Amino acid sequence: MSYTFLQHYWWFLVSLLGALLVFMMFVQGANSMIFQLGRNAEERRMLINSTGRKWELTFTTLVTFGGAFFASFPLFYSTSFGGAYWLWMVILFSFVLQAVSYEFQNKLGNLLGVKTFQVFLVINGIVGPLLLGGAVATFFTGSNFIIEKDSITDVIQPVISRWANASNGLDALLNPWNLVFGLAVFFLSRILGILYIMNNINDENLRSRGSVQLVGNTVMFFLFFFLFIIHIMLADGYAVDPNTGAIGTLEGKYLQNLVDMWYLAVVLIIGALLLIYGIRKTIVSKTYIKGIWPAGIGVVLVVLCLLLNVGWNNTVYYPSTADLQSSLTIQNSCSSEFTLRTMAWVSLFIPFVLAYIVYAWYSLDKKKIDKNEIQNGDVY
C-alpha cells in the first residue's frame, strides 16, 4: 500500500460515508412532510414512529463522516469545521432539535405541546438537507479560506487555516449554485422519505398521499440537480499539478474526469437509472412499495461518483476563493502515511459493522407500522 494508494483509498471511504449519509437523509425528508402526509394525530404518530426507528443511524453516519474526515484529512477538518463553524453549528443545532423532539414530545410534563416538537422535526427536515447540500456544493464552487502553514510556529496563535471573512461559513449561502445543490438534496431527501414511508407503514391513506407527493418532489429534484450538474460540467474546475503541487483552474475539469475515469461515469449512469426505476415503478404501480431499495442504492452510487470525481485524478476537492494556492487536495491535506496505513487495517472491520446495521434494520422492519401499533402502545 503506497502513500498515494492510501490517500485515494481513504478518499473513497470518506466519499462512501458521505453517500450513505445522503441516503440516510430520508429521515429528514420524511419529517419535513409530517403535516403534509399526516392529516391527523394518529397518522402523524405513525410517521414519527417510523422515522424514530432510524434517526440515530442518520446522526451516527453524520458523526462518522466527520470523524473519518478528521482522521484521514485533518487539514480539511480544521479548515471547514473550524473556519466555517457558523454553518456547521446551524446544521448541528437542527439535529439537536430532532433528538430533543423524539425524546420529549410525548413525555409527561411537556409544556410546549406535541405539535411544537413536531415542528422541530420539520425544521430539521428542511434545514438539515438544505445546508448539508450547500456545504457539499462548496467542494465544487469553493470556500473563502486561507492556509498559512508557517503559522504553526506562531507561539501566540499557532493556527494554520483561517476564514478570510467574518461570516465563518455563512457566505456559502450567498452563492446561488450552493443553494441550487442544497435544494436538490432537500427534494431528494423528500423523495427517499416518501419511498421509505410507503415501504415501512402499512396504511393506504399515507401511501396514496405519498404517491401524489412523489411526483412533484421528483420534478423539483431533477430540475435543481440537472441545473447544478450542467453548470459544474461546463464551468472551470480546479486541478493540481502532480509534479509541482501548483493549483490552477482547468476548463471542463469535472467533465474530463468522467472521461478519464470512465468507470465512474458508468457507475453514475447505473445509479441514476436505479433511482429513476425506483421512483417510476412506485408512481406507476399501486402495489409496489419497495422503491426505497433501488432508489437508495442508486443515490449512494451517484453521490459516491460525484465525490470521487472531485477528489481523484489530480483534482482539488476544496478550492479556496480567497487564495487559490491554499486549496486542498487529497495530497496536501491528508494524515501521515503511518496514520493512513494503520487506519486502513482498522477499516477492514467496516463490513462487519455494516452487516450489523443491516441485521438491526431487518429486525426493526420485520413488522410494518400500522394503526394497531399506535393504539396498543407506541414508541414516540
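Residues numbered from 1 in each chain as written. Predicted model: local features only at pLDDT ≥ 70, side-chain atom pairs only at ≥ 80, totals over all residues. Heavy atoms only, no water.

(A) Spotlight on the overall build of the protein. Within the protein, the regular secondary structure consists of 16 helices and four strands. For the C-alpha atoms alone, the extent of the protein along its principal axes is close to 65 × 45 × 40 Å. Expressed as a percentage of its 380 residues, the buried residues of the protein come to 52%. Pairs at least 24 residues apart make up 77% of the contacts formed inside the protein by residues separated by at least 6 positions. Surface accessibility of the protein: about 17,500 Å² in total, with carbon and sulfur atoms responsible for 69%. Here the protein carries 22 positive and 20 negative side-chain charges, and the mean point of each set is 15 Å from the other. (Helix = DSSP H or I, 4+ residues; strand = E, 2+ residues; numbered from the N terminus. Buried < 20%, exposed > 50% of the residue type's maximum accessible area, 1.4 Å probe, protein only. Contact = heavy atoms within 4.5 Å. Areas by Shrake-Rupley, 256 points an atom, 1.4 Å probe, with all protein chains shown as cover. Lys, Arg positive; Asp, Glu negative; His and termini not counted. Charge placed at Lys NZ, Arg CZ, Asp CG, Glu CD.)

(B) Just the pattern of salt bridges, in detail. Under the defined criterion, the tally for this structure stands at four salt bridges. Salt-bridge contacts for Arg341 lead to Glu337; the nearest nitrogen and oxygen are separated by 2.7 Å. Residue Arg341 and its partner Glu337 are located together in helix H14 (residues 337–346), separated by four residues, close to a single helical turn. Judged by its relative accessible area of 28%, Arg341 is partly exposed. In this structure Glu337 comes out as partly exposed when scored by relative accessible area, which is 32%. (Salt bridge = Lys/Arg side-chain N within 4 Å of Asp/Glu carboxyl O.)

(C) Highlighting helix H6 (residues 74–83). Among all positions of H6, only Leu75, Phe76, Thr79, Ser80 and Gly83 are buried. Relative to the axis of H6, the buried residues are bounded by an arc of 105 degrees and lie together on one face. Each element contacted by the buried residues of H6 is listed here: helix H5 (55–72), helix H7 (85–104), helix H8 (114–141), strand E1 (145–147) and strand E2 (161–163). (Arc of directions from axis to C-beta.)

(D) Highlighting the nonpolar core. If you look at the biggest cluster of nonpolar residues, it comprises 105 residues, and the most contacted ones within it are Trp11, Phe69, Phe73, Phe139, Phe221 and Tyr317. In this structure Trp11 touches Phe69, Phe73, Phe139, Leu307, Leu308, Val310, Gly311, Trp312, Tyr317 and Ile330, once residues within four positions along its chain are discounted. (Core = buried A, V, L, I, M, F, W, Y, C linked by side-chain atoms within 4.5 Å.)

(E) Representation of H5 within the structure. For H5, which comprises 18 residues, the first-to-last C-alpha distance of 26 Å matches the rise-based estimate of 26 Å (1.5 Å per residue) to within 8%. Taken together, the buried positions of H5 are occupied by Trp55, Thr58, Thr61, Leu62, Phe65, Gly66, Ala68, Phe69 and Ser72. Axial view of H5: buried residues confined to an arc of 160 degrees, hence all on one face. (Expected span 1.5 Å × (residues − 1).)

(F) Main features of the packing of aromatic side chains. Within this structure, the stated rule accounts for 39 aromatic pairs. Judged by centre distance (6.2 Å) and plane angle (80 degrees), the ring pair of Phe139 and Tyr317 falls under edge-to-face. Within this pair, whereas Phe139 is found in helix H8, its partner Tyr317 is found in the loop between helix H13 (292–311) and H14, the two being separated by 178 residues in sequence. Owing to a relative accessible area of 5%, Phe139 belongs among the buried residues under this scheme. Ring geometry for Phe140 versus Tyr254: centroids 5.2 Å apart, planes at 70 degrees, classification edge-to-face. In this pair, Phe140 is assigned in helix H8 and Tyr254 in helix H11 (residues 253–260), connecting sequence segments 114 residues apart. Using a relative accessible area of 7% as the deciding quantity, one classes Phe140 as buried. (Phe/Tyr/Trp six-rings, centres within 6.5 Å; stacked < 30°, edge-to-face > 60°.)

(G) Expanded view of unusual backbone geometry. Here the phi dihedral of Asn313 falls at roughly 60 degrees; this positive angle occurs in a residue that is not glycine. Tracing the chain through its elements places Asn313 in the loop between H13 and H14. On the basis of relative accessibility, which here comes to 24%, the residue Asn313 falls in the partly exposed class. Even without glycine at this site, Asn314 takes up a positive phi of about 55 degrees. Residue placement: Asn314 occurs in the loop between H13 and H14.

Function cannot be read off these values alone, since they describe shape.
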